[in-house]
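Descriptive analysis of the structure
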Amino acid sequence: MKIAIHGRNFNESARPFIENMFNELHSRKIEVQLSRPFRTFLDQTGISHFSDLVYEVPEELFDARLVVSMGGDGTLLETVSHVGRRQIPVIGINVGRLGFLATVSPDRIADMIAALETSQFRIDERTLVSIESNIDLFEGLNFGLNDFTITKTDTSSMITVHTYLNQEFLNSYWADGLIISTPTGSTGYSLSCGGPVLVPHSQNFIITPISPHNLNVRPLVLEDTAVIRLEVKSRSNNFLVSLDARSRVVDENTQLTVRKADFTARLIKMKDDSFLNTLRSKLSWGLDMRN
């Protein structure tokens, strides 16, 4: 079996679990390819990984059966961008913080490896959002698992986002910004701005304003077959666009169209991994802090 691993820095408390993981992979003769940043971190911290295979850019990722993301949700989003249209399944080990997407705890890595070898897991297909523009915004990586966001670049004045659904005018949002979220991203930035939580396989997008000037403007849930066109006006003549973990400043002449990508992200879930359990665990639903 071949696997690739992408990761970030992790706390020292996770070190024994990571060392055990590489020892286990080596003993099972599993071929491992590492992303260059993660390989550099492992070498600097003295963790033996038994691998000379490295990929610098997504195109160099080998024909892995799956890709392991080692970090938090942000690391998993990066890993999905490495995989792209190849749709190699991704599993997330949570050595970060919240962990809505990276749900395997470090102390269960050995169980995870055994389950992967015996195919005791399921594949969770997740919708991606795709961005079309008159310029290359994200070096060809124009898709995201969580959300696409437009925000102002200064601290003084709001921006205006003229929004059209399937060529029909929807609204002019006077706000600090606008989020277009997938169901997967509904527990991210959109949630913190008052957006609803969607179960992962809802066939919807969410449009969530960020600090809107008009308080009667609310998040909107729409079908994911919709084509969303955006025109942005700003006193500073520029604004910030973000797609998952990637962002850049663009000017007002930038044309933006948002739609569902024609491929999906394939997330590996262990058999006891449930979205509803994750909601209760991460958001403390059902807990009475008085007792």
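Naming follows an unreviewed UniProt entry, where the protein chain appears as NAD kinase of Dyadobacter arcticus. If you open the UniProt record of the protein chain and go to Subcellular location (unreviewed entry), you find "Cytoplasm".

**Details of the overall build of the protein chain**
Per the secondary structure count, the protein chain includes six helices and 17 strands. A compact globule built from 291 residues should have a C-alpha radius of gyration of about 19 Å, and the protein chain, at 20 Å, falls within 12% of that. Expressed along its principal axes, the backbone C-alpha trace of the protein chain runs to roughly 60 × 50 × 35 Å. Put simply, the protein chain has 291 residues, and 49% of those count as buried. For the protein chain, long-range pairs separated by at least 24 residues make up 67% of all intrachain contacts whose partners lie at least 6 apart in sequence. A total of about 14,000 Å² of accessible surface is found on the protein chain, and carbon and sulfur atoms cover 47% of it. Computing the positive centroid from 29 side-chain charges and the negative centroid from 34, the protein chain places the two 3 Å apart.

**Re the UniProt feature "active site" (unreviewed entry) in the protein chain**
According to UniProt, the "active site" (unreviewed entry) feature falls on Asp73. Residue placement: aspartate 73 occurs in helix H3 (residues 73-83). Apart from residues no more than four positions distant in its own chain, aspartate 73 is found in contact with Gly99, Phe100, Leu101 and Ala102. From its side chain, aspartate 73 meets the backbone nitrogen of phenylalanine 100 in a polar contact 2.8 Å long.

**A closer look at unusual backbone geometry**
Even without glycine at this site, lysine 29 takes up a positive phi of about 60°. Within the secondary structure, lysine 29 is located in the loop between helix H1 (15-27) and strand E2 (31-35).

**Examining the nonpolar core**
Nonpolar side chains tend to gather and get buried jointly when the protein is soluble and globular. Counting 30 residues, the largest nonpolar core has Ile5 and Phe22 as its most contacted members. Per-element accounting of this core gives the leading share, five residues, to helix H4 (residues 109-117). If sequence neighbours within four positions are ignored, isoleucine 5 has contacts with Met21, Phe22, Leu25, Val32, Gln33, Leu34, Ser35, Phe38, Tyr55 and Val68. Counting 26 residues, the second-largest nonpolar core is a separate cluster that includes Ile159, Leu222, Val232 and Val250.

**Side note on the UniProt feature "binding site: NAD(+)" (unreviewed entry) in the protein chain**
The residues that UniProt annotates with the feature "binding site: NAD(+)" (unreviewed entry) are Asp73, Gly74, Asn146, Asp147, Asp176, Thr187, Gly188, Tyr189, Ser190, Leu191 and Ser192. With the annotated positions falling across 120 residues, the maximum pairwise C-alpha distance of 24.5 Å shows that they are not confined to a single cluster. Tracing the chain through its elements places glycine 74 in helix H3. The class for glycine 74 is partly exposed, based on a relative accessible area of 25%. As for its position among the elements, aspartate 176 is in the loop between strand E10 (168-175) and strand E11 (177-181). Taking the relative accessible area as the measure of exposure, aspartate 176 reaches 25% and is therefore partly exposed.

**Here's the deal with the pattern of salt bridges**
This model, assessed by the stated rule, comprises 18 salt bridges. The closest approach of N and O atoms between arginine 39 and aspartate 43, which form a salt bridge, is 2.9 Å. Placement of the pair is arginine 39 and aspartate 43 together in helix H2 (residues 36-45), with a separation of four residues, close to one helical turn. On the basis of relative accessible area, arginine 39 is assigned to the buried category, the value being 15%. Taking relative accessible area as the criterion, aspartate 43 reaches 43% and is therefore assigned partly exposed. Residue arginine 108 pairs with aspartate 272 through a salt bridge whose shortest N-O separation is 2.9 Å. Of the two residues, arginine 108 is situated in the loop between strand E5 (90-94) and H4 and aspartate 272 in the loop between strand E17 (256-270) and helix H6 (275-283); the sequence distance between them amounts to 164 residues. A residue is classified by how much of its surface remains accessible, and aspartate 272, at 48% relative accessible area, is partly exposed. Salt bridges here are not isolated pairs; linked through shared partners, they connect Glu12, Arg15 and Glu19.

**What to know about the side chain of serine 130**
In this fold, serine 130 is placed in strand E6 (residues 121-133). By relative accessible area, serine 130 is classed as buried at 11%. Leave out the neighbours within four places in its chain, and serine 130 touches Asn142, Phe143, Thr257, Val258, Arg259, Lys260 and Ala261.

**Focus on the pairing of E17**
As defined by bridge partners, E6 adjoins E17 across twelve bridges and the pair is classed as antiparallel. Of the residues in E17, the one forming a bridge with glutamate 132 is threonine 257. Pairing analysis gives three bridges linking strand E14 (residues 228-233) to E17, with the strands arranged antiparallel. Note on E17: the bridge partner recorded for leucine 230 is leucine 256.

Calculation criteria
Residues numbered from 1 in each chain as written. Predicted model: local features only at pLDDT ≥ 70, side-chain atom pairs only at ≥ 80, totals over all residues. Heavy atoms only, no water. UniProt positions renumbered as here; feature names shortened; annotations may be inferred. Helix = DSSP H or I, 4+ residues; strand = E, 2+ residues; numbered from the N terminus. Rg over C-alpha atoms; globule rule 2.2 N^0.38 Å. Buried < 20%, exposed > 50% of the residue type's maximum accessible area, 1.4 Å probe, protein only. Contact = heavy atoms within 4.5 Å. Areas by Shrake-Rupley, 256 points an atom, 1.4 Å probe, with all protein chains shown as cover. Lys, Arg positive; Asp, Glu negative; His and termini not counted. Charge placed at Lys NZ, Arg CZ, Asp CG, Glu CD. Polar contact = N/O pair within 3.5 Å; in protein donor to acceptor, adjacent residues only side chain to side chain. Core = buried A, V, L, I, M, F, W, Y, C linked by side-chain atoms within 4.5 Å. Salt bridge = Lys/Arg side-chain N within 4 Å of Asp/Glu carboxyl O. Pairing = 2+ DSSP bridges.

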